[in-house]
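Secondary and tertiary structure notes
These are the residues of each chain, in order.
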Amino acid sequence: MLSTYKFEHGNDFVRICNIPNFDLSSTFENGQCFRWEKISPDHYIGVAMGKVLEVFKDGDDLVFYNTNIKEFESLWIPYLTLDVDYEQIKQVLSKDPMLKKAVEFAPGLHLLRQNFHETLICFILSSNNNIQRIKKIVNNLCQATGKDISYNGKTYKSFPPITDMQKLTCEDFMSMGAGYRSKYLVHTINALCCKDIDVEHLKNCSLDQARKVLQCYMGIGVKVADCILLYSGTRYDVFPSDVWIKKIMASYLGESPSVEKILKYASEVFGRYAGIAQQYLFHYARFNL
DNA sequence: GACCAGGCTAACT
DNA sequence: AGTTAGCATGGT
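Residues numbered from 1 in each chain as written. Chains lettered and ligands numbered in written order. Predicted model: local features only at pLDDT ≥ 70, side-chain atom pairs only at ≥ 80, totals over all residues. Heavy atoms only, no water.

Below, the discussion takes up the packing of helix α4 (residues 97-105) against helix α15 (residues 274-288). Where α4 contacts α15, the two axes come as close as 9 Å, and the packing angle between them is 75°. The orientation of α4 with respect to α15, classified from their angle, is roughly perpendicular. Of the residues in α15, those touching α4 at M98, L99, K101, A102, V103 and F105 are A277, Y280, L281, H283, Y284, F287 and N288. (Axes fitted to C-alpha atoms, helices over the stretch in contact; angles between N-to-C directions. Helix = DSSP H or I, 4+ residues; strand = E, 2+ residues; numbered from the N terminus. Parallel < 35°, antiparallel > 145°, perpendicular 65-115°, else oblique. Contact = heavy atoms within 4.5 Å.)

Now the structure itself:
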């Protein structure tokens, strides 16, 4: 928990002392985010919220560069969900034997609370696509439309706000490699610029209502809606069901279970932590099935 | 050349 | 309401 962290910090760095249960690779390379670059094992640089952050593991410490303690507490602790008690959640989830294995496989996995619009755009791009290609397209988008951020003599790009993406045409997105999703992006970005989504409402309404709101936008179905809700930290009672989750859920529900059946089972068994359970399962499935 | 990847839309019964 | 072809692209 947050209160137990011990910090050392200066003008341009923050060190969290003794935080053994945060793993960079299983957090940044589990398909929830697309803008973290591995420099070397346990050493990453990423762009989020218009800022560049460098992080590496030093024994049981985590060291963050290009930030200070004030910014770290207001921005990066929520982003990295360092304010969430994963020990308690993992304990609850581990009552299920499959999840026990999945949690033991990646005990340092954290969900992220990412910018809502960025998550929405990235997961429209994710449909019938693979993670490597999604990263490439997102990078092309940021290069074309993002703002410069310089750090350590290098220029990085922020993820553009939707108002800046409104000028992009279908052909622009095609040239970035977005393929048939280009049309969805143009349509949805326009709709969002006309009338934005009330994220607070998405938190307070029922899950079915939240899914319905998102599915009004072109390119968003049940699976993408659940990803947006989960990876923006909007709600955790979701269960994004892609091909990997369908594979691993077959061990609970028999061969090729329907999405309906999966969602029903997940909400009954994993309840309000279903989204977190899904993330451990997805990561486990990708590396073990 | 098939088949696959964090699926969705549109056009069918 | 439920089922299915078609879709851009790059890697294996």
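This is not the end of the story, as more comes after the structure.
Right, let's get into the packing of helix α13 (residues 243-253) against α15. Two elements in contact, α13 and α15, have axes whose closest approach is 9 Å; the angle formed by their N-to-C orientations is 100°. Taken together, the axes of α13 and α15 lie roughly perpendicular to each other. Counting all contacts with α13, which are made through W244, I245, I248, M249 and Y252, the residues of α15 involved are Q278, L281, F282, Y284, A285 and R286. Here the residues of the contact of α13 with α15 sort into nine nonpolar, one polar and one charged. (Nonpolar A, V, L, I, M, F, W, Y, C, P; charged D, E, K, R; others polar.)

All right, on to the protein's contact with DNA strand B then. Within the structure, DNA strand B sits among 30 residues, and G31, I131, Y180, Y231 and Q278 are positioned closest to it. When the atoms of DNA strand B within 4 Å of the protein are grouped by moiety, sugar and phosphate amount to 60% of the total. A distance of 2.8 Å separates a phosphate oxygen of DNA strand B from a polar backbone atom of G221. Contact distances for DNA strand B include 3.3 Å between a base nitrogen and a side-chain N or O atom of K223. Elements with a contribution of two residues or more to the surface near DNA strand B: α12 (222-231), α13 and α15. Residue composition of the surface near DNA strand B, by class: 15 nonpolar, 12 polar and three charged. (Near = heavy atom within 4 Å. Polar contact = N/O pair within 3.5 Å; in protein donor to acceptor, adjacent residues only side chain to side chain.)

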